[in-house]
Amino acid sequence: MNKLFSYEFGKIYDLYLAKITRKNRQETELLDVLSWLTGFTKEQLTKEELRKQTLEEFFQKVTPNPNIAQIKGLVCGVRVENLTDPLEKQIRQMDKVVDELAKGKTVEKITFQGQ
């Protein structure tokens, strides 16, 4: 099993939050893109029981957005669209949307609403 799969969602979420707030982005924007990506409500994403789950457990409950296949690019030197492991791909897609938010893209652009 990939070590990445055993990380707690809550710890990853906290890292994402620190990353985007350093770039003057808001937690509500993070919740918007994660909600779009996963199908969870903003309230569900902040509940303790979901935050304590491993990424593997977390993604077993995800209802992926149909536009998730449009997420492309590099994350940690890995091209997201070329990943073959479905769980690793979902995790890296989540990383990618957070990276785009931190880089200053609007939530609408990230979630393909502005296209």
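In what follows, the accompanying structure is described. (Residues numbered from 1 in each chain as written. Predicted model: local features only at pLDDT ≥ 70, side-chain atom pairs only at ≥ 80, totals over all residues. Heavy atoms only, no water.)

## Remarks on unusual backbone geometry
Glycine aside, a negative phi is what most residues show, and trans is what most peptide bonds show. One non-glycine residue, N24, lies in positive phi territory at about 65 degrees. With respect to the helices, strands and loops of the structure, N24 is situated in the loop between α1 (9–22) and α2 (27–38). You can call N24 exposed: its relative accessible area is 68%. Residue C76 is not a glycine yet carries a positive backbone phi of 55 degrees. Mapped onto the elements of the fold, C76 is located in the loop between β1 (74–75) and β2 (78–79). Classification of C76 as exposed rests on a relative accessible area of 67%. (Helix = DSSP H or I, 4+ residues; strand = E, 2+ residues; numbered from the N terminus. Buried < 20%, exposed > 50% of the residue type's maximum accessible area, 1.4 Å probe, protein only.)

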